[in-house]
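Letter by letter, the chains look like this.
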Amino acid sequence: MPSRMLPEPTPETRHFWEGALKGELLLQRNRDTQEAYFPPRPFCPKTGSRDIEVFKASGRAVLWSYVINHRPRPDMGTEPYAIAVVKLEEGPTMMTNIVGCPQTPEALQLDMPLEVVFEKMSDTIALPFFKPAGA
Amino acid sequence: MKPGSVAVVGAAETTKMGVIPDLSVIGLHADAALNAMADAGLKPSDIDGVATAGVSPTELAWYLGIKPNYADGTSVGGCSFMLHVRHAAAAIAAGHAKTILVTHGESGKSRVGAGRFGASPSSLAGQFEMPYGPVGPPSMFTVPVLRYLKTRGYTQEDLAHVAVVQREWAAKNPRATFKDPITVDDVMNSRMIAYPFRILMCCLVTDGGGALILTSADRAKDFPQKPVYVLGTGESVETPLVSQMYDSNSSTAFRISGKAAFEEAGIRHADVDHLMIYDAFAHLPLYGLEDLGFVKPGEAAAFIREGNTRAGGKLPLNTNGGGLSYMHSGMYGMYALQESVRQMRGIAPAQVPGAKISVCQGVGGMFGAAGTVIFGNEAP
């Protein structure tokens, strides 16, 4: 199997991937409005303000939407897998995979509670995945 | 632009459609361009503006021997050509060019002279979507849909209905790739691609191209074909990441683009005789009907199921069979525009009797962009 397609951090996103390597889901928020956003950028996309801060998210989310891909990408193995969007407790959505449960419509119910887990994929990259809460 | 001040005077698709292994990407652009010039009675030296996506306007102009004083390389995916029409209308109105050629060509199936797909691993998509395993549009464009179905109370069978009705239209089009009738059961039993999407809910992958020529309405009367007037246009862009749509249940770009076009044209929804909504996948016409304001959110599935978009219905939709059955080379927007122009000329294989106004809605990327063109066949 070819090696997994992995991100290459940029200066604006490096903190996120360094956090992931330490097992922390880091978001950013506008210091004034306290509104969180994702993916990372050094300003608030609602207001344009550069007065922002990085903070550790709770890691709690709900399953927002997904597909189960029946034509696996070669680096993803041979079995169908869910490509999901989760809605984080802090508001933003993010794409991820759901781990620790069957990749079936029956097991993957919209709005089910999830929590983040990190899986180390290389020396520099850990990917945030989500698993059913409490599982 | 004053509504109706610019018109399409040349329109054509590639000579062949479907599988065209004997032409490269730039060759498909040129074949369509030469066909559109023949349609308009023009030579390359008569063209003073070029617009295209997929290849650069530089490559297009040089390949055809055109020395333009207007070039537009807007490339926002499959609706780029709607944006090219909009920009061309503005440029003609501003006096920047008199006769503008818009082309599309894509070797989607045969991949002759075609580039590769894929995002750089340092791009936003490369960092925040690609690591999770999407394989092109079938496993990306479809990601918001389970949420949309739940919010609206729609079912997977509602997606299947979209494909069934469009196949009915395709059967009336000799150049359509798939013409055999299908049922909802056929769609629901077809091969799973990316749950809940089955193969008959996904667009074709074919080769082809198309081209348009636009000029001012006062010149348009001197051309051989019946002029098709541009009444209103709109455009917007939203996000390169489908996971970051502002609302999974609605295309913000569709709403902005559609509203601008209707306002510019000064028409109401009841005035529209014919509608094209770029259907890369079966959910697009549902979003489009809602986001363009033809129905309220939650009413689109029943609107299609009850036959309103069929032949003889009150709003014929995707009358060439759409990306699901007619053809889809990758950037389908050009074929939607071609069908709107045929309907306005009154020469479409599945002609809507007496149609006077056609709305043509494009999407780019995975809900990444939108373009709207409203055509009419009577000078306002």
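See the structure printed just above.
Rules used throughout
Residues numbered from 1 in each chain as written. Chains lettered and ligands numbered in written order. Predicted model: local features only at pLDDT ≥ 70, side-chain atom pairs only at ≥ 80, totals over all residues. Heavy atoms only, no water. Helix = DSSP H or I, 4+ residues; strand = E, 2+ residues; numbered from the N terminus. Rg over C-alpha atoms; globule rule 2.2 N^0.38 Å. Buried < 20%, exposed > 50% of the residue type's maximum accessible area, 1.4 Å probe, protein only. Contact = heavy atoms within 4.5 Å. Areas by Shrake-Rupley, 256 points an atom, 1.4 Å probe, with all protein chains shown as cover. Lys, Arg positive; Asp, Glu negative; His and termini not counted. Charge placed at Lys NZ, Arg CZ, Asp CG, Glu CD. Pairing = 2+ DSSP bridges. Polar contact = N/O pair within 3.5 Å; in protein donor to acceptor, adjacent residues only side chain to side chain. Buried area = accessible area lost by both parts, 1.4 Å probe. Salt bridge = Lys/Arg side-chain N within 4 Å of Asp/Glu carboxyl O. Nonpolar A, V, L, I, M, F, W, Y, C, P; charged D, E, K, R; others polar. Phe/Tyr/Trp six-rings, centres within 6.5 Å; stacked < 30°, edge-to-face > 60°. Lys NZ or Arg CZ within 6 Å of the ring centre and 35° of its normal. Axes fitted to C-alpha atoms, helices over the stretch in contact; angles between N-to-C directions.

## Side note on the overall build of chain B
Each helix and strand in chain B was counted, giving 13 helices and 11 strands. Taking 380 residues into account, the globule formula puts the C-alpha radius of gyration at 21 Å, and chain B, at 19 Å, falls close to it. The principal-axis extents of the C-alpha atoms in chain B amount to approximately 50 × 45 × 35 Å. Every one of the 380 residues in chain B was classed for burial, and the buried ones make up 64%. Within chain B, contacts between residues at least 6 apart in sequence are counted, and of these 73% link residues at least 24 apart. When the accessible surface of chain B is totalled, it reaches about 13000 Å², and 54% of it is carbon and sulfur. Across chain B, the centroid of the 31 positively charged side chains sits 1 Å from that of the 33 negatively charged ones.

## So, the sheet that holds strand β2 (residues 36-37) of chain A
All names here are of chain A. With respect to topology, 3 strands assemble into an open sheet ordered β2-β1-β3, the strand pairing being antiparallel. Taken across any chain shown, the strands that pair with only one partner, and hence form the sheet edges, are β2 and β3 (52-56). Of the pairings in the sheet, the one linking strand β1 (residues 26-30) to β2 comprises 2 bridges and is antiparallel in character. Each residue of the ladder has a partner; that of Arg29, found in β2, is Ala36.

## Notes on the side chain of B:Ser251
Within the fold, B:Ser251 resides in the loop between β8 (228-237) and α9 (252-265). A polar contact of 2.9 Å, which involves the side chain of B:Ser251, links it to the backbone nitrogen of B:Phe254.

## Brief notes about the interface of chain A and chain B
Taken together, the contacts link 39 residues of chain A with 32 residues of chain B. When the two sides are added together, the surface that chain A and chain B hide from each other amounts to roughly 3000 Å², 60% of it contributed by carbon and sulfur. For the interface between chain A and chain B, the tally reads 2 salt bridges. Among the salt bridges present, the one from A:Asp111 reaches B:Arg147, with a minimum N-O distance of 2.8 Å. Linking chain A with chain B are 22 residue pairs in polar contact (both at pLDDT 80 or more), by the criterion used here. Counting only elements with at least two residues in the side of chain A that touches chain B, the list comes to α1 (14-21), β4 (60-69), β5 (81-88), β6 (93-96) and β8 (126-132) of chain A. No other element matches β4(A), which puts 7 residues into the side of chain A that touches chain B. For the side of chain A that touches chain B, the per-class residue count stands at 26 nonpolar, 8 polar and 5 charged. With 2 bridges joining them, β4(A) and strand β5 (residues 192-195) of chain B adopt antiparallel strand pairing. Paired with A:Asn69 across the strands is B:Ala194, a residue of β5(B).

## Observations regarding the pattern of salt bridges
Residues and elements named next belong to chain B. The full count for this structure, using the stated rule, is 22 salt bridges over all chains. A salt bridge links Glu13 to Arg175, with the nearest nitrogen and oxygen atoms 3.3 Å apart. Placement of Glu13 in strand β1 (residues 6-13) and of Arg175 in the loop between α6 (156-170) and α7 (184-188) is noted, with a sequence separation of 162 residues between them. Looking at Glu13, the relative accessible area reads 7%, which means it is buried. What makes Arg175 partly exposed here is its relative accessible area of 35%. Of the charged contacts in the structure, one is a salt bridge between Arg268 and Asp271, with a shortest N-O distance of 3.0 Å. A relative accessible area of 24% means that Asp271 is categorised as partly exposed.

## Side note on the packing of aromatic side chains
Applying the stated criterion across every chain yields a total of 18 aromatic pairs over all chains. With 4.9 Å between their ring centres and 90° between their planes, A:Phe16 and A:Trp17 make a pair best called edge-to-face. Using a relative accessible area of 1% as the deciding quantity, one classes A:Phe16 as buried. The buried category is assigned to A:Trp17, whose relative accessible area is 2%. Between the aromatic rings of B:Phe197 and B:Phe281, the centroid separation amounts to 6.2 Å while the plane-to-plane angle is 90°, which identifies the pairing as edge-to-face. In this pair, B:Phe197 is assigned in strand β6 (residues 197-198) and B:Phe281 in the loop between β9 (274-277) and α10 (284-291), connecting sequence segments 84 residues apart. Overall, B:Phe281 belongs to the buried group, its relative accessible area being 3%. Following the ring pairs from residue to residue traces out a cluster consisting of B:Phe141, B:Tyr148, B:Tyr154, B:Phe197, B:Phe254, B:Phe281, B:Tyr287 and B:Phe367. The positively charged end of A:Arg29 is found above the aromatic ring belonging to A:Phe55, 4.0 Å away from the centroid. The ring of A:Trp64 carries B:Arg147 above its face, with NZ or CZ at 3.8 Å from the centroid.

## Section: unusual backbone geometry
Put simply, A:Phe38 and A:Pro39 share a cis peptide bond, and its omega is -5°. Topologically, A:Pro39 is positioned in the loop between β2 and β3. Put simply, B:Tyr195 and B:Pro196 share a cis peptide bond, and its omega is 10°. Within the secondary structure, B:Pro196 sits in the loop between β5 and β6. In this structure, B:Arg111 takes a positive phi of about 60° despite not being glycine.

## Section: the sheet that holds β9(B)
Residues and elements named next belong to chain B. Ordered by their spatial adjacency, 9 strands build an open sheet running β3-β2-β4-β7-β1-β8-β11-β10-β9, and the pairing between neighbours is mixed. Looking at which strands have only one partner, the edges of the open sheet turn out to be β3 (71-72) and β9. Bridge count for β9 against strand β10 (residues 357-364) is 4 bridges, and the pairing is parallel. Bridged to Leu275 within β10 is Val359. Here α9 sits on the sheet in contact with β8, β10 and β11 (369-376), set at roughly 150° to β8.

Interpretation in functional terms is not warranted from these geometric data alone.
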